[in-house]
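Residue-level listing of the chains:
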Amino acid sequence: MSDGQTVADALRAAATRLGATSPTPRLDAELLMAQALGVSRSQMLLQRMGEGAPAGIDDLLDRRAAHEPVAYILGHQEFYGREFRVTRDTLIPRSDSEAVVEAALEAGTGPGRVLDMGTGTGALLLTLLAERGGEGVGIDRSAAAIAVAAENAAAIGLSQQVRLLTADWTMPGWNEGLGQFGLVLCNPPYVEADAELDPDVRDFEPASALFAGPAGLDDYRVIIPQLVQLLLPGGVAVLEIGATQDAAVSALARESGFAVTLRRDLAGRPRALVLR
Ligand SMILES: C[S@@+](CC[C@H](N)C(=O)[O-])C[C@H]1O[C@@H](n2cnc3c(N)ncnc32)[C@H](O)[C@@H]1O
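The text that follows walks through the structure, step by step, so that each part is easy to find.

**Structural notes on the sheet that holds strand β9 (residues 270-275)**
Step number 1: A sheet is described by the order of its strands in space; here 7 strands give the open sequence β5-β4-β3-β6-β7-β9-β8, paired in mixed fashion. Each end of this open sheet is capped by a strand with a single partner; those strands are β5 (162-166) and β8 (260-264). Direction aside, neighbouring strands of the sheet carry axes that sit 15° apart on average.
Step number 2: Here strand β6 (residues 181-186) pairs with strand β7 (residues 231-240) via 5 bridges, running parallel. Looking across to β7, one finds that C186 is bridged to L239.

Structure follows, in structure tokens:
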């Protein structure tokens, strides 16, 4: 605790410090300060401003200044209005991916089971089931990610509605015994192998959740032909895509016999494809 310093002073100093590495220094400083105080951000802003900087804040700021994402420091990230536990084994759910959930909710495939391929924290599957009911299966090749998804399912009260399995869609027979689904969601790795990423992403998020060959299309090439057998007649798949991948992924989907609709995110960028 710094002598004579209020939380407001400490916040200003922290935001200045993070200005060099973070695009959102004030927000990051508030979240980390609240974590160090053991209160919510709004409680801190309303009630704790007279206190000094809390013990432990310097360690948290050091981590953020070294580009570690706030979500990994806090251990959670909000997605579609719910908190999801995240670890270095899981991609941090992005607000961009809410377009996948929106598209799936609008697709209206009824109560048929849902499959989420590459579930990570379970954010897409668990949000969809929390919003519309039903049951689902989430798979990921990372057993550590599946363990995090199971924690999230329990926290949201959906453990009985989901099966979470370690499986790799590049392995023959990975879906044996899983049956068919009314809806398949997938936010696969889609970053080009030589893409220049922000250090927050490049140095901290799992490479296996990001990269998919020279054009970022390797996983779509494997997944899309499999959808033909994974979907029930009349079923729908919603795939997240990179902002420049609309034409290439749509072409792959048409080759497999699907009709394709593009979904844009709130900023107007291509973000998801709906395959029927
Ligand atoms: C882009 S992340 C998406 C995570 C989560 N669905 C989300 O939207 O936040 C891709 C996920 O696919 C998983 N994955 C990558 N290759 C896979 C494969 N061959 N089989 C199964 N899962 C895979 C990664 O471990 C990672 O969790």
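**Overview of the layout of surface pockets**
Step number 1: Taken as a whole, the largest pocket holds about 950 Å³ of empty space.
Step number 2: Lining the largest pocket are 44 residues, with L91, N187, P188, A209 and L210 positioned closest to its centre.
Step number 3: Considered class by class, the residues forming the lining of the largest pocket number 20 nonpolar, 13 polar and 11 charged.
Step number 4: By volume, the second largest pocket amounts to about 800 Å³.
Step number 5: Taken together, 28 residues make up the lining of the second largest pocket; nearest its centre are D28, L31, V70, A71 and Q77.
Step number 6: Those elements that place two or more of their residues in the lining of the second largest pocket are α2 (25-37), α5 (70-74), β1 (76-79) and α9 (199-202).
Step number 7: For the lining of the second largest pocket, the element with the most residues is α2, which contributes 5 residues.
Step number 8: Here the residues of the lining of the second largest pocket sort into 12 nonpolar, 7 polar and 9 charged.
Step number 9: A domain-level breakdown of the lining of the second largest pocket finds at least three residues from each of domain 1 (7-66) and domain 2 (88-275).

**Notes on the environment of A253**
Step number 1: Locating A253 in the fold gives a position in helix α11 (residues 246-255).
Step number 2: For A253, a relative accessible area of 0% corresponds to the buried category.
Step number 3: In sequence terms A253 and R163 are 90 residues apart; their C-alpha atoms lie 27 Å from each other.
Step number 4: Once residues lying within four places of it in the same chain are set aside, the contact partners of A253 are I224, F258, V260 and L275.

**Section: unusual backbone geometry**
Step number 1: Here the phi dihedral of H67 falls at roughly 80°; this positive angle occurs in a residue that is not glycine.
Step number 2: Mapped onto the fold, H67 is located in the loop between α4 (57-65) and α5.
Step number 3: Even without being glycine, Y80 reaches a positive phi, approximately 50°.
Step number 4: The topology assignment puts Y80 in the loop between β1 and β2 (82-85).

Rules and cut-offs
Residues numbered from 1 in each chain as written. Predicted model: local features only at pLDDT ≥ 70, side-chain atom pairs only at ≥ 80, totals over all residues. Heavy atoms only, no water. Pairing = 2+ DSSP bridges. Helix = DSSP H or I, 4+ residues; strand = E, 2+ residues; numbered from the N terminus. Axes fitted to C-alpha atoms, helices over the stretch in contact; angles between N-to-C directions. 1 Å grid on protein atoms, 1.4 Å probe; cavity = no way out; pocket = protein on both sides within 12 Å on 5 of 7 lines; lining within 4 Å. Points joined across faces, edges and corners; volume = space filled by probe spheres on them. Nonpolar A, V, L, I, M, F, W, Y, C, P; charged D, E, K, R; others polar. Domains from an automatic or database assignment. Buried < 20%, exposed > 50% of the residue type's maximum accessible area, 1.4 Å probe, protein only. Contact = heavy atoms within 4.5 Å.

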